[in-house]
Amino acid sequence: MKTFTSLTLYAAVAAGFAILPSAVSAQTTMAYPEKCKSAGMKMDMSGGTPMGEMTDYQKASMDGMKGMHMNMMQGMMKKDADVSFVCGMIAHHMGAISMSEVELKYGDNEEAKQMAQKVIEAQKKEIEEMSKWVDKEVK
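Residues numbered from 1 in each chain as written. Predicted model: local features only at pLDDT ≥ 70, side-chain atom pairs only at ≥ 80, totals over all residues. Heavy atoms only, no water.

Visitor: Which residues make up the overall build of the protein chain, and what values go with them?
Guide: When its secondary structure is counted, the protein chain shows 4 helices and 2 strands. Starting at the N terminus and walking to the C terminus, you meet the elements of the protein chain as α-β-β-α-α-α. Taking all 139 residues of the protein chain together, 27% fall into the buried category. Residue pairs at least 24 apart in sequence account for 57% of intrachain contacts in the protein chain once pairs closer than 6 positions are excluded. With an accessible surface of roughly 10,500 Å², the protein chain has 59% of that area assigned to carbon and sulfur atoms. (Helix = DSSP H or I, 4+ residues; strand = E, 2+ residues; numbered from the N terminus. Buried < 20%, exposed > 50% of the residue type's maximum accessible area, 1.4 Å probe, protein only. Contact = heavy atoms within 4.5 Å. Areas by Shrake-Rupley, 256 points an atom, 1.4 Å probe, with all protein chains shown as cover.)

Visitor: Break down helix α2 (residues 56-76) for me, citing the residues and quoting the values.
Guide: Taking 1.5 Å per residue, 21 residues should reach 30 Å; α2 reaches 30 Å between its end C-alpha atoms and fits that length. Within the span of α2, buried status applies to S61, M62, G64, M65, M68, H69, M72, M73 and G75. (Expected span 1.5 Å × (residues − 1).)

Visitor: Any details on the nonpolar core? Residues and values, ideally.
Guide: Burial of nonpolar side chains together is a common tendency in soluble globular proteins. Counting residues in each nonpolar core, the largest one holds 9 residues, listed as V83, V86, C87, I90, I97, I120, I127, M130 and V134. Those elements that provide at least two residues to this core are α3 (81-106) and α4 (110-137). Ranked by residue count, the leading element in this core is α3, at 5 residues. Leave out the neighbours within four places in its chain, and M130 touches V86, M89, I90 and H93. (Core = buried A, V, L, I, M, F, W, Y, C linked by side-chain atoms within 4.5 Å.)

Visitor: Please provide a residue-by-residue account of the packing of α3 against α4, values included.
Guide: The contact between α3 and α4 brings their axes to 8 Å, and the two run at 155°. In terms of orientation, α3 and α4 fall into the roughly antiparallel class. Classified by chirality, the crossing of α4 by α3 is left-handed. Residue composition of the contact of α3 with α4, grouped by class: 17 nonpolar, 5 polar and 6 charged. (Axes fitted to C-alpha atoms, helices over the stretch in contact; angles between N-to-C directions. Parallel < 35°, antiparallel > 145°, perpendicular 65-115°, else oblique. Left-handed = near helix turned anticlockwise from the far one by under 90°. Nonpolar A, V, L, I, M, F, W, Y, C, P; charged D, E, K, R; others polar.)

Pasting the structure below:
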């Protein structure tokens, strides 16, 4: 059986979410900013890494995202919808912390760094709350 990389699996799951009814989709209330999209970025889906050279910042970001995506996929595979949601959100928040730590290390804009610090503080608190819920509710 052919194994998928976490990025390939993530892309497959994300594509599946694209067919959800619009009432369920976050797209009805929020849109991803066009300025956040990378024009011309080509992905090597067989290896799951962008083509060409990456900066140290990009490599650190990608490493964090790989771990987050794998954990989110594991959480989403839980049979109970509530457990799946909470476990997926824990992984998602861990990814936000990882991204924020990369910003603190490599970023040079004070406003962006302040946002990153706020994200770390808020997400750690929420991870603690969700982890307590998992300990209490999941048998």
